[in-house]
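The lines below spell out each chain.
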Amino acid sequence: MDQSTDIRIGFEYGISDRLSVGLSRAKGAGVVTQLYEGNLKYRLLEQTADDKVPVAVTLFGSTTLSAAKASTDPTAANAFGEFQDRLTYVVQAVIARKFNSNFSMLIMPSYVHRNFTVFGDQNDMLALSVGGRIKITKRMAFVADYTIPFRDKNKEAYLESTLGTQYYKTLGAGLEFETGGHIFHLNFTNATAIQESQFITDTNTSWLKGQYRWGFSIARRFSFDKKKAK
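A. Highlighting the overall build of the protein. Scanning the protein for helices and strands turns up two helices and eleven strands. Starting at the N terminus, the α and β elements of the protein follow one another as β-β-β-β-β-β-β-β-α-β-β-α-β. The proportion of buried residues among the 230 residues of the protein is 31%. Here the analysis covers contacts within the protein between residues at least 6 apart in sequence; of these, 50% occur between residues at least 24 apart. Accessible surface, the protein as shown: approximately 14300 Å² in total, 60% of it carbon and sulfur.

B. Representation of the environment of arginine 43 in the model. Within the element layout of this structure, arginine 43 appears in strand β3 (residues 35-45). The exposure class of arginine 43 is partly exposed, given its relative accessible area of 28%. Along the primary structure arginine 43 and threonine 58 are separated by 15 residues, whereas in three dimensions their C-alpha atoms are 4.3 Å apart. Leave out the neighbours within four places in its chain, and arginine 43 touches Asp17, Arg18, Val57 and Thr58. Polar side-chain contacts of arginine 43 include one of 2.9 Å to the backbone oxygen of aspartate 17.

C. Inspection of helix α1 (residues 153-163) at higher detail. One side-chain oxygen of the residue at the start of α1 lies 2.9 Å from the amide nitrogen of asparagine 154, identifying that residue as aspartate 152. Of the residues trailing α1, glycine 164 is marked for its positive phi of about 75°.

D. Quick peek at the nonpolar core. Counting eight residues, the largest nonpolar core consists of Ala29, Val90, Val112, Ala127, Ala191, Ala193, Phe199 and Ile200. The residues contacting alanine 29, other than those within four sequence positions of it, are Asp6, Thr192, Ala193 and Gln198.

E. Representation of a nonpolar patch on the surface. Side chains of Ile107, Val130, Tyr146, Leu171, Phe188, Trp207, Tyr212, Trp214, Phe216 and Ile218 sit close together on the surface and give an oily, nonpolar patch of about 960 Å² of accessible area. In terms of residues, the nonpolar patch owes the most to one element, strand β11 (residues 213-220), which gives three residues. For leucine 171, a relative accessible area of 37% corresponds to the partly exposed category.

About the cut-offs
Residues numbered from 1 in each chain as written. Predicted model: local features only at pLDDT ≥ 70, side-chain atom pairs only at ≥ 80, totals over all residues. Heavy atoms only, no water. Helix = DSSP H or I, 4+ residues; strand = E, 2+ residues; numbered from the N terminus. Buried < 20%, exposed > 50% of the residue type's maximum accessible area, 1.4 Å probe, protein only. Contact = heavy atoms within 4.5 Å. Areas by Shrake-Rupley, 256 points an atom, 1.4 Å probe, with all protein chains shown as cover. Polar contact = N/O pair within 3.5 Å; in protein donor to acceptor, adjacent residues only side chain to side chain. Core = buried A, V, L, I, M, F, W, Y, C linked by side-chain atoms within 4.5 Å. Patch = residues over 30% accessible without salt bridge, like charges linked within 9 Å, V, L, I, M, F, W, Y side chains within 5 Å. Salt bridge = Lys/Arg side-chain N within 4 Å of Asp/Glu carboxyl O.

What follows is the structure in structure tokens.
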């Protein structure tokens, strides 16, 4: 399963209507691979029909562990000397609004902290994402997202001059299909990685250079409540 560019399998469990926990395993992109993630999601606000609460706000936090073999090159991104070097943390606030039955948008500020990076890169990074969903038919919608990482310009220039690495904003667009219990998502993006802990900080390919990828995801929701609604 790790022969693809990146692949992720995850499970989430709703403890309540507001709180869910999740576990996942991803291949990862680049040299920092074999990623294991634990996450929490909490619905802080829910949009109301009368617009007294105009937006929905969900808080998301995750911790990702890399189980990749440590490099002997001390300047490499996976030159892990201690266990904590393998950890990355992500905190996000998902602020979404449904304007009508066919159109919704979100804005998502993010904070990423990497305990260890390639030599000369930054440990802390802020980012801002915007996304939208337009319903085309009853079961199909067009979706798009754009992420802007706020990089330290001095560190970015250093990495480009020493390693030849250039970083880009992430743009994705695709189609979403509802197929009787499953949600199938077909996506084109310039990001190599799937995890927020990587694609926000390490996207080094560009649409303008013809560097994009095709990917897909399948989601399935199960209910363990045997009580039938009256």
